[in-house]
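Each chain is listed here by its residues.
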Amino acid sequence: MLTKKEKIYEGKAKILYTTHDPATLIQYFKDDATAFNAKKKGTITNKGVLNNQMSSFIFQFLEKNGVKTHFKEKLSDREMAVRALKIFPVEVVIRNRVAGSLAKRLGLEEGRKLQQPILEFFYKSDPLDDPMMSETAPVALGWMTQKEVDHVKEQVWKINQLMTKFFDDRGIDLIDYKLEFGKDAQSNIFLADEISPDGCRLWEKGTGEKLDKDRFRRDLGKIEEAYEKVCKLICEGRP
Ligand code: ADP
Ligand code: UDP
């Protein structure tokens, strides 16, 4: 049985542990919630359990559809076995509609439809508040090769097609979301981290009700209910 050996990292929402297998880590999902780069802190009861369940389901869905992810196995309510990766210091944001920082930056109304998805790269850096950067920056700075950037972008478009349909089938509009990628010891690239309402904007079709972390960021209340609703729709929806 896979068990936790040593805590190697504690982040804002998850803890990473080594295991007896150097190629495998355990991701532990906490209930802690942060926003605005941890300037706002709180707890969302049961979030860790729900995010582990939703992420596990979505990673398996993506794997079935030919996307390589770090997911190995759901071990318990809050634990997931994942491939040990070196994460690129890049957050990839995919936008299917205008919202959040894009609305602010360009002075646009939230909810506006786009002619095609927008892809944005951010530098994963807490001290710098994750600044946006050019997609040519990771190669220029020696963080990724051009081949790696091209591969990640190719995967991102594929993931977006799968994910928009996945959520659409469940009565949810996938507005925008953040993805992280990393590579293993053999330099194979995998989708990593989590896919949950913490890192996705999810609006209920028809009502436009926000079912994601914006309920926490913007003090909209009923946060737990929203996460539970999404979890039900994801896991009890179509396979
Ligand atoms: P943060 O670091 O932003 O506070 P989390 O609390 O979610 O975020 O911490 C999880 C950390 O684990 C993130 O920094 C993420 O990049 C990293 N991570 C995710 N998947 C893997 C993986 N498969 N291997 C190594 N690190 C990973
Ligand atoms: N996002 C994230 N982590 C970050 C930044 C953004 O998960 O550090 C997600 C966020 O939940 C949203 C999308 O990426 O679904 C786009 O976020 P945006 O740039 O609009 O920033 P925000 O206004 O949410 O801070």
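Residues numbered from 1 in each chain as written. Chains lettered and ligands numbered in written order. Predicted model: local features only at pLDDT ≥ 70, side-chain atom pairs only at ≥ 80, totals over all residues. Heavy atoms only, no water.

S.K.: Pulling in residues and values, what's your account of the packing of helix 1 (residues 47–64) against helix 6 (residues 223–236)?
M.R.: The contact between helix 1 and helix 6 brings their axes to 10 Å, and the two run at 25 degrees. The orientation of helix 1 relative to helix 6 falls into the category roughly parallel. Here helix 1 runs over helix 6; the crossing is left-handed. Contact residues: Lys47, Leu50, Asn51, Gln53, Met54, Phe57 and Ile58 in helix 1; Tyr227, Glu228, Val230, Cys231, Ile234 and Cys235 in helix 6. Classifying every residue of the contact of helix 1 with helix 6 by side-chain character gives nine nonpolar, two polar and two charged. (Axes fitted to C-alpha atoms, helices over the stretch in contact; angles between N-to-C directions. Helix = DSSP H or I, 4+ residues; strand = E, 2+ residues; numbered from the N terminus. Parallel < 35°, antiparallel > 145°, perpendicular 65-115°, else oblique. Left-handed = near helix turned anticlockwise from the far one by under 90°. Contact = heavy atoms within 4.5 Å. Nonpolar A, V, L, I, M, F, W, Y, C, P; charged D, E, K, R; others polar.)

S.K.: Got a sec to walk through the site of ligand 1? Specific residues and values, please.
M.R.: Around ligand 1 lies a shell of 17 residues, among which Tyr9, Lys12, Ala13, Lys14 and Glu180 are the nearest. Taking alanine 13, its main chain carries an N or O atom lying 2.6 Å from an oxygen atom of ligand 1. Between ligand 1 and the protein, one listed contact pairs an oxygen atom with a side-chain N or O atom of lysine 14 at 2.5 Å. Of all the secondary-structure elements, those providing two or more residues to the shell around ligand 1 are strand 2 (14–18), strand 3 (24–29) and strand 7 (79–83). Class assignment for the residues of the shell around ligand 1 results in eight nonpolar, three polar and six charged. (Near = heavy atom within 4 Å. Polar contact = N/O pair within 3.5 Å; in protein donor to acceptor, adjacent residues only side chain to side chain.)

S.K.: Describe in detail helix 6, supporting the description with residues and values.
M.R.: Its 14 residues give helix 6 an end-to-end C-alpha distance of 20 Å, which sits within 8% of 20 Å, the value for a rise of 1.5 Å per residue. Buried residues of helix 6: Ile223, Ala226, Tyr227, Val230, Cys231 and Ile234, and no others. Taken around the axis of helix 6, the buried residues stretch over an arc of 135 degrees, which confines them to a single face. Facing away from the buried side of helix 6 by over 90 degrees, the exposed positions are Lys232 and Glu236. Each element contacted by the buried residues of helix 6 is listed here: helix 1, helix 4 (146–168), strand 12 (172–183), strand 14 (200–204) and helix 5 (214–217). (Expected span 1.5 Å × (residues − 1). Buried < 20%, exposed > 50% of the residue type's maximum accessible area, 1.4 Å probe, protein only. Arc of directions from axis to C-beta.)

S.K.: So what's going on with the side chain of histidine 70? Which residues, and what values?
M.R.: For histidine 70, the location among the structural elements is in the loop between helix 1 and strand 6 (71–74). Owing to a relative accessible area of 3%, histidine 70 belongs among the buried residues under this scheme. Excluding its chain neighbours within four sequence positions, the residues that come into contact with histidine 70 are Gln27, Phe59, Met80, Ala81, Val82, Arg83, Leu85, Phe190, Leu191, Ala192 and Asp193.

S.K.: Any chance you could break down helix 4 for me, citing the residues and the numbers?
M.R.: Compared with the 33 Å implied by 1.5 Å per residue over 23 residues, the 33 Å span of helix 4 between its first and last C-alpha is a close match. What helix 4 keeps buried is the set Glu148, Val149, Val152, Gln155, Val156, Ile159, Asn160, Leu162, Met163, Phe166 and Phe167.

S.K.: Residues and numbers for the packing of aromatic side chains, please.
M.R.: One pass over the full model with this rule turns up five aromatic pairs. Consider the rings of phenylalanine 166 and phenylalanine 167, whose centres lie 5.3 Å apart with planes at 85 degrees: the pair is edge-to-face. Across the pair, phenylalanine 167 and phenylalanine 166 agree in class, each one buried. Members of the aromatic cluster, each reached through a chain of ring pairs, are Phe57, Phe61, Phe166 and Phe167. Positioned above the aromatic ring of phenylalanine 216, the side-chain terminus of lysine 40 is 5.1 Å from the ring centre. For lysine 210, the ring lying beneath its charged end belongs to tryptophan 203, and the centroid distance is 4.6 Å. (Phe/Tyr/Trp six-rings, centres within 6.5 Å; stacked < 30°, edge-to-face > 60°. Lys NZ or Arg CZ within 6 Å of the ring centre and 35° of its normal.)

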